[in-house]
Amino acid sequence: MGEAAPAPTPTLTPTPVAKRSYWRWSRHDFFPEPSFNSPNSYRSALANTCPRLKDRLLSRSTDDHELNELPIASENTMRRCLTAWDLTWLAFGSVVGSGIFVVTGQEARLTSGPAVVLSYAASGFSALLSALCYTEFAVDVPVAGGSFSFLRIELGDFVAYIAAGNIMLEAIVGAAGLGRSWSSYFASMINNNPDFLRIRVDSLKPGFNLLDPIAVLVLFIANGIAMSGTRKTSILTWLSSIVTTLVIAFIIVVGFMHAKTSNLVPFFPFGVKGVFSSAAVVYWSYTGFDMVATMAEETKNPARDIPIGLIGSMSMITVIYCLMALALVMMQNYTQIDKDAAYSVAFTSIGMNWAKYLVSVCALKGMTTSLLVGSMGQARYMTQIARSHMIPPFFALVHPKTGTPINATLLTTISSCIVALFTSLDVLSSVFSISTLFIFMLMAVALLVRRYYDRESTSKGDLMKVNSCIFVIIGASAVGTALWSTDTLGWIGYTVAAGVWFLATLVMNFLPKQRSPKVWGVPLVPWLPALSILTNIFLMGSLGSEAFLRFLICSGVMLVYYVFIGVHATYDVEHQNQESKLEAANQGVL
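Residues numbered from 1 in each chain as written. Predicted model: local features only at pLDDT ≥ 70, side-chain atom pairs only at ≥ 80, totals over all residues. Heavy atoms only, no water.

Overview of empty space enclosed by the protein
The full count for this structure, using the stated rule, is 2 cavities of 30 Å³ or more. What the second largest cavity holds in volume is close to 50 Å³. Residue lining of the second largest cavity: His65, Leu70, Arg152, Ser388, Thr570, Val573, Glu574 and Asn577, and that is the complete set. With 4 residues, helix α22 (residues 545-589) is the largest single contributor of residues to the lining of the second largest cavity. Taken together, the residues of the lining of the second largest cavity sort by class into 2 nonpolar, 4 polar and 2 charged. (1 Å grid on protein atoms, 1.4 Å probe; cavity = no way out; pocket = protein on both sides within 12 Å on 5 of 7 lines; lining within 4 Å. Points joined across faces, edges and corners; volume = space filled by probe spheres on them. Helix = DSSP H or I, 4+ residues; strand = E, 2+ residues; numbered from the N terminus. Nonpolar A, V, L, I, M, F, W, Y, C, P; charged D, E, K, R; others polar.)

Details of the pattern of salt bridges
By the definition in use, this model includes 15 salt bridges. For the salt bridge of Arg52 with Asp572, the shortest nitrogen-to-oxygen distance reads 3.7 Å. Within this pair, whereas Arg52 is found in helix α3 (residues 49-58), its partner Asp572 is found in helix α22, the two being separated by 520 residues in sequence. Across the pair, Asp572 and Arg52 agree in class, each one buried. Taking the shortest distance from any N to any O, the salt bridge between Asp63 and Arg450 comes out at 2.7 Å. Pair noted here: Asp63 is in helix α4 (residues 63-69) and Arg450 is in helix α18 (residues 425-452), with a separation of 387 residues, a long-range link. In this structure, a network of salt bridges that share partners links the residues Asp63, Asp140, Glu154, Arg450, Arg515 and Lys518. (Salt bridge = Lys/Arg side-chain N within 4 Å of Asp/Glu carboxyl O. Buried < 20%, exposed > 50% of the residue type's maximum accessible area, 1.4 Å probe, protein only.)

Spelled out as structure tokens, the structure:
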């Protein structure tokens, strides 16, 4: 970690040759690459798929390219208008949604008992490790691409594309799920029936036969606000988040006023394994903080504001969640907690029937701000992905008046509305979970690569050592997780797997670091990133085989698109840029 003065914020000043209308729809705006100029050029590109794919597998972006060259594709700049205060409340608003109200009672009643408090602490620790990795990258490379840009720099185009596909899947499914959850909560307040406002169509298959127009309306409103301007959305988010904080404070204070220590006995009714099984579930109460990293391009002083906003907010949220969980299990014995409406029923049991409406309003508000911040973050992911031409560059355009990527926002809005209208949340929720953890795990790997590998100075021998250590860390984490999930070999298996993980991390600790963070860095490298890899793989292993099957199917669809379109578009752009630089260099010599 360095204590040097903050580095100057990179200046992004795209200067397009000629001003064009933002609203345009020509083929060239979607597929400007030479490979798509004609059927013959496309056939020629397909014939060279293998060498192009090899080129993309070995290709790496650079900090400078992501910061100063790719934004030119947007034609207009995003406005730097966010401070540490804004980022703190954006993170709070994106994370504190319905999760704490939905899953706490379920896990306390069925899986962990009063020890659900430790489940939240364990999940919060894992989320904080991932937030640390995101923070170092976001400070060094403050662009809208978030994890996509970071992975493209350290792990290459192909890995970044797989991450990009999962980011898009996460964005669409996550927004659709929040929309349907909002509709369910609102309907329950009116009629005690979560499907009250949905339209049943018996001719459609179960899971797709309850149409949800309310979810579609909520998504359009939230995304419309996000398109209107970053600063407006930020102000609305932190004002509403302050209201949420007051309601949560009320829940905690009243809960402890009616607490009974006898309700904490027994503390581990389902054993230690129940604690970690619950941790995998309640982890989703923490998701969403990565969206703040995508706001780095619009942050006034990224070197100072991002660490304060991201790490500060995640620490605060972890404490709040633990206190809320503790208040619940001390108000009621875990055997009496209602798994579907835990806090509402708990307040009813102490004679405060009106409080259930307060809880529902707080949950609705939390989901609304999660949608607002999520729509901003998702659109900025899409913008950077489109800047690289992995999806059509039409979606990279930034509107000159609002300073927001309207096209990218519309892409996620329309897609998520279609999914939200037809699809029940349980159909795709497991895909959302595994996609998120997979990206978080890759981010920890990318941080290790960033610290221990420099393509200009690292020898092949050192590179092999770094790769070997990373593969052993991942392998030991996966084996240990499999042994835990299947209860094979007992403590002997866990001890051996943990020992191998420890030795690989220890060996890596003695390897020479090739780079230091520019301004702010994750402490205790490689230990904390290696621990982040372990925790994310462990939580992935708790999701079951069905989640992995759906993940593999979705990844297969992504690969088909990449082979037929993505690899050729990015290959053309990369080599056009290289030719332009070579011509400029030659002209400079002449």
